[in-house]
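Okay, here's what each chain looks like letter by letter:
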Amino acid sequence: MAAPSTATIEVDAVARRARRRAAADPRFAGALRELVEAPTAPAGSFSRTAASAVNRQRRDDARREFLADALATADVQRLLGLGTPQAVHRLRSRGKLVGRQIGNATWFPRWQFSGGERRPRLDDVLASLGRFTTDALAADRVMRLERTELDGRSIADSLDDPRRSPTAWSILASLGA
């Protein structure tokens, strides 16, 4: 009997890793199931199916992370002491807050607020983000992504830190450039 080829050994290693990850991550297991059940002909189907499954998982993760640290319109209204939900939506429509409608509710990333009001220099933050994206989920990911140049902290966490703030502002300034 011939020794297993390098390709066989690599496939076995990948299968073991996939099995461990699927056991720990049900979303990955679902994406993996789609890949395994995907047709292999014509040639492009498999890669499109794989890319679609991975992209869907990433979008779902981004939405889940966004909602986990966002405030609903009513929460923002109470926080800012505004009289009506429409006042919150006016701030959003004027570019003074970024928010995203999901279902019947609009959600606002929590990093926009500090001490019961809009965070200091939020207009500058939103202007920088606006050069990169108008999407609230994408803006939230940019602001909350942990960065090595910020010692593993996010831009949102670093803006109020005198030591990290210059780097955070530099990163914001480079968006969309």
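Provided above is the structure to which this section pertains.
Figured I'd write up the structure that's included with this text. Because the structure is predicted, anything quoted here is derived from the model rather than measured. (Residues numbered from 1 in each chain as written. Predicted model: local features only at pLDDT ≥ 70, side-chain atom pairs only at ≥ 80, totals over all residues. Heavy atoms only, no water.)

### Structural notes on the pattern of salt bridges
Moving on, step 1. The final tally for this structure, using the stated rule, is 16 salt bridges.
Moving on, step 2. The shortest N-O distance in the salt bridge between Glu-149 and Arg-147 comes to 3.6 Å.
Moving on, step 3. Given the relative accessible area of 42%, Glu-149 is considered partly exposed.
Moving on, step 4. Since its relative accessible area comes to 16%, Arg-147 is described here as buried. (Salt bridge = Lys/Arg side-chain N within 4 Å of Asp/Glu carboxyl O. Buried < 20%, exposed > 50% of the residue type's maximum accessible area, 1.4 Å probe, protein only.)

### Topic: the sheet that holds strand 2 (residues 100-102)
Moving on, step 1. Strand order in this open sheet of three strands is 1-3-2, and the pairing throughout is antiparallel. Looking along the sheet, the strands with just one partner apiece sit at the ends: strand 1 (70-72) and strand 2. Averaged over all neighbouring strand pairs, the angle between strand axes comes to 40 degrees, with direction disregarded.
Moving on, step 2. Across the sheet, helix 4 (residues 73-80) is in contact with strand 1 and strand 3 (105-109); its angle to strand 1 comes to roughly 90 degrees.
Moving on, step 3. Docked against the sheet, helix 5 (residues 85-93) engages strand 2 and strand 3, running at close to 60 degrees with respect to strand 3. (Pairing = 2+ DSSP bridges. Helix = DSSP H or I, 4+ residues; strand = E, 2+ residues; numbered from the N terminus. Axes fitted to C-alpha atoms, helices over the stretch in contact; angles between N-to-C directions. Contact = heavy atoms within 4.5 Å.)

### So, the packing of aromatic side chains
Moving on, step 1. Counted under the stated rule, the structure contains zero aromatic pairs.
Moving on, step 2. Here the basic side chain of Arg-121 rests over the ring of Trp-169, its NZ or CZ set 3.9 Å away from the ring centre. (Phe/Tyr/Trp six-rings, centres within 6.5 Å; stacked < 30°, edge-to-face > 60°. Lys NZ or Arg CZ within 6 Å of the ring centre and 35° of its normal.)

### Considerations on the nonpolar core
Moving on, step 1. Counting residues in each nonpolar core, the largest one holds 31 residues, and the members touching the most others are Trp-111, Val-125, Leu-129, Met-143, Ile-155 and Leu-172.
Moving on, step 2. Mapped by element, the contributors of at least two residues to this core are helix 3 (43-68), strand 1, helix 5, helix 6 (122-132), helix 7 (136-144), helix 8 (155-158) and helix 9 (165-174).
Moving on, step 3. Residue contributions to this core peak at five residues, all from helix 7. (Core = buried A, V, L, I, M, F, W, Y, C linked by side-chain atoms within 4.5 Å.)

### As for unusual backbone geometry
Peptide bonds are trans in most cases, and residues, glycine excluded, mostly fall at negative phi.
Moving on, step 1. Within the chain, Arg-121 stands out as a residue other than glycine whose phi angle is a positive 60 degrees.
Moving on, step 2. Tracing the backbone shows Arg-121 in the loop between strand 5 (117-118) and helix 6.

### Regarding the packing of helix 4 against helix 5
Moving on, step 1. Remark: helix 4 packs on helix 5, axes separated minimally by 9 Å, with the N-to-C direction vectors making an angle of 95 degrees. On the basis of their axis angle, the class for helix 4 and helix 5 is roughly perpendicular. Of the residues in helix 5, those touching helix 4 at Thr-73, Val-76, Gln-77 and Leu-80 are Pro-85, Val-88, His-89 and Leu-91.
Moving on, step 2. Residues that form the contact of helix 4 with helix 5 fall into these classes: five nonpolar, three polar and no charged. (Parallel < 35°, antiparallel > 145°, perpendicular 65-115°, else oblique. Nonpolar A, V, L, I, M, F, W, Y, C, P; charged D, E, K, R; others polar.)

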